Every structure is written in C-alpha cells, then in structure tokens.
Amino acid sequence: PRTQVVFNNTLPYKHEIPIYEEYDGPKECFKHTISNGMELNPKMVSTKEANIYRFKQDKFDGYDTWVGTNEWGWLYVPKTCTNESDSKQPCSLFVYFRPCGGGSGETDSHFDSFDRWAEKNRIVILVPVIGKNLCYLKYNGCHEVARGCWDGYGQLGKDYALQSGKHMKFVGSMLKDFLATYGVD
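The sections below set out a description of the structure shown in this document. A quick note: this is a predicted structure, and the numbers were derived from the prediction, not measured.

Turning our eyes to something else, we now look at the pattern of salt bridges. One pass over the full model with this rule turns up nine salt bridges. Linking Glu84 and Lys79 is a salt bridge whose minimum nitrogen-to-oxygen distance equals 2.6 Å. Looking at Glu84, the relative accessible area reads 60%, which means it is exposed. With relative accessibility at 43%, the residue Lys79 sits in the partly exposed group. Asp112 is the partner of Arg98 in a salt bridge, and the nearest nitrogen-oxygen pair spans 3.6 Å. You can see Arg98 sitting in the loop between strand E3 (92-95) and helix H2 (114-121) and its partner Asp112 sitting in the loop between E3 and H2, a full 14 residues away along the chain. A relative accessible area of 15% places Asp112 in the buried class.

Here is the structure:
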C-alpha cells in the first residue's frame, strides 16, 4: 500500500542517506516506520559506543561468502532496551541495510546517524552486513553485489525480493533468531 512507502523526489540529493540541517533522512525514516508520523525524542549529540555490539553472522541460514554475506554484523541497543533498564516499555526493532560495503570492517560500525535517533526513542538497530565478494565467478552480472551491495536488481536470482532470495533468506534467518532469542513471537 502507498502508506508503507515514502518517495520524496523534491530533495536535491542523489544516491545517499541525506543527513543535513534542512533534512534528516534517519529522522524522517523513523518517523514514518516507527512513530507513525509522530515527533521523535531529540537525537543524541554523539554515538554511545558502549551500546554497539558486533556479532558473528556465519550461524544464520543463507550465510554464503559467494553472495557477500560478511563474517560480522552489527547491533545497536539503547541502554533502555537492555536487561539493565528498569523500563517496562517495549523497544522497536529496525533492520538497517547499510549502503554498499558498509559495516564490513572490524571497526566499521557507522550507523549513519540512525543510532543517535535510536538511543532516546527506544529503537534497536540490527545491521546485517554484505561485503565485497567474488559472486561473479558463480553468478553472471552481479556487479553491484560484488562491490558489497545488497541484491536490489535480481543479480543473484529472480527471487531477490522474496524470502527465498539469497540475501533475504539470510536476513530472515537472522530476524527469526533475534526475535526467538528475545522472547518475541
């Protein structure tokens, strides 16, 4: 449905997540997906490094270095969403598909400002990571995927946007594990 997608073609930005004084892409994304258009609590001035966790991705179904699934993924958990918090309010979960090759280094946990909004708005950010790879040895025409991009054009198969697609199967497995681990049905 149209209410699930926002397409704003009035901005002068190209292929990027705009984070500017006049337009904050992460804020607008969270307003649409998490808060149903309601205003958010103010963002943090800086990232809280203690709330960033790196996790192994090779245990998830669909892990396949031929299609770029990286060894490590990232998780941002606001303090109020941990067992250390007294809060009884639930937290939201946001899956962030980083731009091409993003997050594939051991210390590359940049969340493109999403974490700064997540902290005070009780949003956990799950970041599955795709890195540079040699998919072209197995799949013809996977140029963007080889650079570490998510398959958004069917380069790994016609089912790229379905749960059976190479990247979606991997992320789906990760989500199921995360939700089962934290008691969410």
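On we go.
One pass over the structure, following the stated rule, counts three disulfides. There is a disulfide in this structure between Cys135 and Cys142, and the S-S distance comes to 2.1 Å. Between Cys135 and Cys142 the disulfide shows an S-S torsion of about 115 degrees. By sign, it is right-handed. What makes Cys135 buried here is its relative accessible area of 0%. What makes Cys142 buried here is its relative accessible area of 1%. Numbered by position along the chain, the disulfide-linked cysteines of the chain connect as 1-2, 3-6, 4-5. Distance from the sulfur of Cys29, which forms no disulfide, to the nearest cysteine sulfur (Cys81) is 17 Å.

The rules behind the values
- Residues numbered from 1 in each chain as written.
- Predicted model: local features only at pLDDT ≥ 70, side-chain atom pairs only at ≥ 80, totals over all residues.
- Heavy atoms only, no water.
- Salt bridge = Lys/Arg side-chain N within 4 Å of Asp/Glu carboxyl O.
- Buried < 20%, exposed > 50% of the residue type's maximum accessible area, 1.4 Å probe, protein only.
- Helix = DSSP H or I, 4+ residues; strand = E, 2+ residues; numbered from the N terminus.
- Disulfide = S-S within 2.5 Å.

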